[in-house]
There are 2 protein chains.
Amino acid sequence: MAEQENAAASKQVDEITQQVEDVILGEDGKPLSKKALKKLEKELEREKRKQERLAREAEERAARAASEVDISVGSYGKAKLNMSQERTGRKWTEVRDISEALEGQVVHVQARVQTSRATGSKMCFLVLREATATVQALLQVDSEAISKQMVKFASSIPSESIVEITATVVKPIEPVKSCSVGDAELRVAKLFVISDVVKLLPFSLEDASRSELEYQKDPTLVRVERSTRLDGRVFDLRTPANNAIFKIQAAVCQLFREYLIKEGATEIHSPKIISTASEGGSNVFEITYFKRFAYLAQSPQLYKQACIAGDFGKVFEIAPVFRAEDSNTPRHLTEYIGLDLECAFREHYHEVMDMIGDMFLYIFRNLEERWAHELQVVRRQYPSEPPKFGDKPLRLEFKDAVALLRNAGEEVGELDDLTTPLEKLLGELVRKEYGTDFYMVDKFPLGIRPFYTMPDPEDSNYSNSYDFFLRGQEIMSGAQRIHDPALLRERIKALDIDATPLEDYIRGFEYACPPHAGGGVGLERVVMFYLGLDNIRLTSLFPRDPSRVEP
Amino acid sequence: MAEQENAAASKQVDEITQQVEDVILGEDGKPLSKKALKKLEKELEREKRKQERLAREAEERAARAASEVDISVGSYGKAKLNMSQERTGRKWTEVRDISEALEGQVVHVQARVQTSRATGSKMCFLVLREATATVQALLQVDSEAISKQMVKFASSIPSESIVEITATVVKPIEPVKSCSVGDAELRVAKLFVISDVVKLLPFSLEDASRSELEYQKDPTLVRVERSTRLDGRVFDLRTPANNAIFKIQAAVCQLFREYLIKEGATEIHSPKIISTASEGGSNVFEITYFKRFAYLAQSPQLYKQACIAGDFGKVFEIAPVFRAEDSNTPRHLTEYIGLDLECAFREHYHEVMDMIGDMFLYIFRNLEERWAHELQVVRRQYPSEPPKFGDKPLRLEFKDAVALLRNAGEEVGELDDLTTPLEKLLGELVRKEYGTDFYMVDKFPLGIRPFYTMPDPEDSNYSNSYDFFLRGQEIMSGAQRIHDPALLRERIKALDIDATPLEDYIRGFEYACPPHAGGGVGLERVVMFYLGLDNIRLTSLFPRDPSRVEP
């Protein structure tokens, strides 16, 4: 401050001197008289002395400030790099746990500085963020502990730095609307930066956290391009919605397993490196495997069935699936997570189909109950309604679906696959007719399902296969599989498929195998459709598509 | 039976005729007198007539049997292929649930025929197997329901066929020692084969289920080679020990997650296709990725750290890991399952290390309690003791380990890595000294750890890194990681590593990152060492090594 004042004073002097040495005209534009000149010189002299005095005073103030004792020394600054030098046993409080209930207590918090805002030189407001929770913190100059220097330090901390603070929980005069913790704020006593931001942020987290609604209200707001976000994905993951999306993704896996373990299923881990492109030669990634070639598994289908032949009864797997499909669409990834299951049944594949239906209802219900906070955080940026569903999943036959669509005026072939637009329309028709967003379509035409699908016993145009739909989007596909090697060979021949790479698979059934059915879910798809998101890259941690293999 | 009797009679007649037509000597070896000859002819005639009568009677019996009404018709045979023709709603009983408590009840069971043994023509014993459970079933000819034909059908069922039976639970006269269900057996009323064995079994499941002890007692017993078993892995998985090994493997994953979810960790799924061979160029599989090359991830290390920089706090992942190491040893696989975790900590990496220690104890304790049956089944074929451990894991420093080994007379360099034999010896010394099979070794020399390992703050020869050991075998390796980009670059330079492929990784820390530590477990290794097995192929569902990519 002192230096700035000095600079201003000396600039003023310079300007006046310049005036004198140049032309020296009066206010009327004509050269000045001698008397007037004399007067001006006197004024100049006076002004010069005044400036000198101001400069002297400013210098004295600066000297005083420099020698002044900073009463906050040791209570703020940059902490040494944490190399685990000590373990104090101190109790740490998480931001989400701060509330009015802790009023008056001293807490220790580690969090990111989301924003830092000085008001004058005596006060600084910080918004601290930990995962999806935010709280307001305040530093105010006082005569006992908080110096101007400390407040200045606080106000200069760059966004996204990580700090460690000691603070007292106080009740704010009015609720803090801008933070997730509204009924309490922190009065900071100690403040240390424990990890620095050393580079310009790739984009503003605030911009990356806006909802479509905000952009509609104010079209001048900055939009962050998807590719920019994905290039800086490590940083992008910090937005509250992203943090919550991946907690929900983890929850879907947890609930899938909870349900199936309760049903007596065993988790398996099937190989991803396989010797032959088992499910059709195209769309498969080739690997150099020592002195030969191998391939990346396009699904655990053949292996989970092998486990049924191997007497595991019910199995499931959560693992990456690789598809070398050159599709740059909002719904395709080249690597995604498959939630797969396969179950031996006693009499009828509907035993398995019903169980899968109940499993989805279990997942949906528990998401809304146990992950309500995370859903709320996602829906703040990406508004969506929870899906509607009843106590039991609705089951339609493929024929019924065709009839519904035909009644709505669509031309639909009896044995043709449904296009994506038709599927979406079906979703709307089913919602209108049955009041549910979740339903199963059973008995698909045999011709549009894989070779290992069990034909319908009464009408060989159809098959014992099913898809599960959420809001008109397919979230699981499955079927009863052919467990009889003779029928399997017959179907392979009828479909004119090369049996050679399938010999190992068929052999698996030659030592007797129980009847079984199963299905597969794409994790990213089910999360995307549940949350009503418009691009699958939003639900993949580090998405892979034909043009993206990094970061 | 009638046919056999006929055959015997005609053979006897033939022999006598032969005697007559040949030389015809008396008992003293000389040719017979005429009288004697006459007598013999008479005897012959008598005998012939007797044989004819017997043959006639046998034929009549056979005719009677053929025309006899089979009272069991409709109660046995080969069932139609299950194409989900009907759903009866019948209650099915699992083999493991059969016990004395069900005495007198009629049950429906689906299981494999492990063995089928007829005693005479009126009785047949079956051993039925479902997963790891076996029960004895009995068919006995009676005048009301069970025909000879049905018993004959039962005795002809090939091993490993799957049958569906209706039976009454009875209490055996004495406990059935050869079955896992000892206090009950089944009296069969209906018996249908629902899935056939259509090919010669690749080996005997009985042979594949023997313990080393049995071979010691009887060295003539057949051994099944490992490669034969692995070639027929689908079949091999049916042995009770294998079935139980993979239930235990699933249990380890379940307990790992249970513990970490309770600790607030989030499950992640990091990409397996990566753009650069990030952790050193060697030992990495190359993929053809559209018009470029890509690689298979050798660990989720860099991505799980990125999630820490992305504010996930604590993360874990269970996923395949790929190593193109050309090692054909009992301990190496080219594809295995990594149990990885990474946690931000507040003050000291021992927060994370202690948590990992408690997690292992949680896994071990729960395995012994909740998976006692499966452990017993494995230990029947592969005997092992449960590991010894206390309430808290023992923590040694690397220096202490070196001192223990030196005291035992070993030459050990202060900053050298421990060889596998030294690690095993250390396990024995620790057991003797501290009475535990499970311990952590802390503060490894910096020089033998990866570049991202945080140096010890007091002695830069050492580092904030640790290994966890079970019976002298390393089951987890981990460390505090360097979260400061400047120090990271310094270490990369000091170790003369090419920083180019690591730029994305380092950049992840430039927007501030909390201090963090973590580690990785090889699932197959931890199961192998816990069960005291001698080859990692025993704990991989479909193992992959440099010479095996199938089945």
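What you see is a predicted model; the values in this text were computed from it and never measured.

Asker: For this particular structure, what's the right way to read the pairing of strand β16 (residues 473-480) of chain A?
Answerer: Working note: regular strand, side chains alternate between the two faces of the sheet. Residues and elements named next belong to chain A. Counting buried positions along β16 gives six out of eight residues, so the element sits mostly inside the fold. Pairing between strand β15 (residues 465-470) and β16: six bridges, direction antiparallel. Among the inter-strand pairings, D467 is bridged to a residue of β16, identified as S477. Between β15 and β16, which pair antiparallel one after the other, the connecting turn spans two residues, and R471 there sits at a positive phi close to 50°.

Asker: Where do I start with the side chain of T239(B) in this structure?
Answerer: Residues and elements named next belong to chain B. Within the secondary structure layout, T239 lies in the loop between α7 (233-236) and α8 (240-262). Look at T239 and you get buried, because its relative accessible area is 0%. Setting aside residues no more than four positions away along its own chain, T239 makes contact with L205, A208, S209 and R229.

Asker: Can you walk me through the interface of chain B and chain A in this structure?
Answerer: The figure often quoted for interface size is the accessible area lost as the parts come together. Across the boundary between the two partners, chain B contributes 114 residues, which contact 114 residues of chain A. Here chain B packs against chain A, burying approximately 9,500 Å² in sum over the two surfaces, 58% of which is carbon and sulfur. Summed over the three residues of chain B that lose the most area to chain A, namely R346(B), E347(B) and Y511(B), the buried surface amounts to 9% of that side. If you look at where chain B meets chain A, you find 14 salt bridges. One salt bridge connects R129(B) with D311(A), and the closest N-O pair in it is separated by 3.2 Å. At the surface where chain B touches chain A, the tally comes to 68 residue pairs in polar contact (both at pLDDT 80 or more). No other element matches the nine residues that α8(B) contributes to the side of chain B that touches chain A. Along the lines of polarity and charge, the residues of the side of chain B that touches chain A split into 55 nonpolar, 25 polar and 34 charged.

Asker: In this structure, what is going on with the domain arrangement of chain A? I would like to understand it.
Answerer: Here the domain parsing of chain A yields domain 1 (2-67), domain 2 (76-81 + 88-195), domain 3 (205-236) and domain 4 (240-539). Here domain 2 of chain A and domain 3 of chain A have C-alpha centroids that lie 26 Å from each other.

Asker: Teacher, can you tell me more about the sheet that holds strand β7 (residues 266-267) of chain B here?
Answerer: Whether parallel or antiparallel, the strands of a sheet pair through hydrogen bonds between backbone atoms. Residue and element names in this part refer to chain B. On the basis of which strands lie adjacent, the open sheet formed by eight strands has the order β7-β11-β12-β17-β16-β15-β14-β13 and mixed pairing. Each edge of the sheet is formed by a strand with only one pairing partner; in this case those strands are β7 and β13 (394-397). Taken strand by strand, helix α9 (residues 301-309) contacts β11 (314-322), β12 (335-344) and β17 (516-522), and its axis lies near 25° from that of β12.

Asker: Is there a simple way to think about the environment of M353(A) in this case?
Answerer: All names here are of chain A. Looking at the secondary structure, you find M353 in helix α10 (residues 350-370). The sequence separation of M353 and G478 amounts to 125 residues, and the corresponding C-alpha distance is 8.4 Å. Setting aside chain neighbours within four positions, we find M353 in contact with R395, M440, D442, Y466 and F468.

Asker: Is there a simple way to think about the pairing of β11(B) in this case?
Answerer: Residues and elements named next belong to chain B. Of all nine residues that make up β11, eight are buried, and the element is covered over most of its length. Sheet topology places β7 next to β11; two bridges connect them, and they run parallel. Across the sheet, residue T266 finds its bridge partner in β11, namely V315. Here β11 pairs with β12 via nine bridges, running antiparallel. By the bridge assignment, P320 is partnered in β12 with I337.

Asker: Got a minute to help me understand the nonpolar core in this structure?
Answerer: What tends to happen in soluble globular proteins is that the nonpolar side chains get buried as a cluster. Grouped together as the largest cluster of nonpolar side chains are 87 residues, with contacts concentrated most on L341(B), I356(B), F360(B), L367(B) and F468(B). The dominant element in this core, judged by the number of residues it contributes, is α8(B), at 12 residues. In this structure F360(B) touches F438(B), F468(B), I475(B), M476(B), V521(B) and V526(B), once residues within four positions along its chain are discounted. Judged by nonpolar contacts, the second largest core, of 85 residues, contains V234(A), V378(A), V521(A) and F542(A).

So, how was this worked out
- Residues numbered from 1 in each chain as written.
- Chains lettered and ligands numbered in written order.
- Predicted model: local features only at pLDDT ≥ 70, side-chain atom pairs only at ≥ 80, totals over all residues.
- Heavy atoms only, no water.
- Buried < 20%, exposed > 50% of the residue type's maximum accessible area, 1.4 Å probe, protein only.
- Helix = DSSP H or I, 4+ residues; strand = E, 2+ residues; numbered from the N terminus.
- Pairing = 2+ DSSP bridges.
- Contact = heavy atoms within 4.5 Å.
- Buried area = accessible area lost by both parts, 1.4 Å probe.
- Salt bridge = Lys/Arg side-chain N within 4 Å of Asp/Glu carboxyl O.
- Polar contact = N/O pair within 3.5 Å; in protein donor to acceptor, adjacent residues only side chain to side chain.
- Nonpolar A, V, L, I, M, F, W, Y, C, P; charged D, E, K, R; others polar.
- Domains from an automatic or database assignment.
- Axes fitted to C-alpha atoms, helices over the stretch in contact; angles between N-to-C directions.
- Core = buried A, V, L, I, M, F, W, Y, C linked by side-chain atoms within 4.5 Å.

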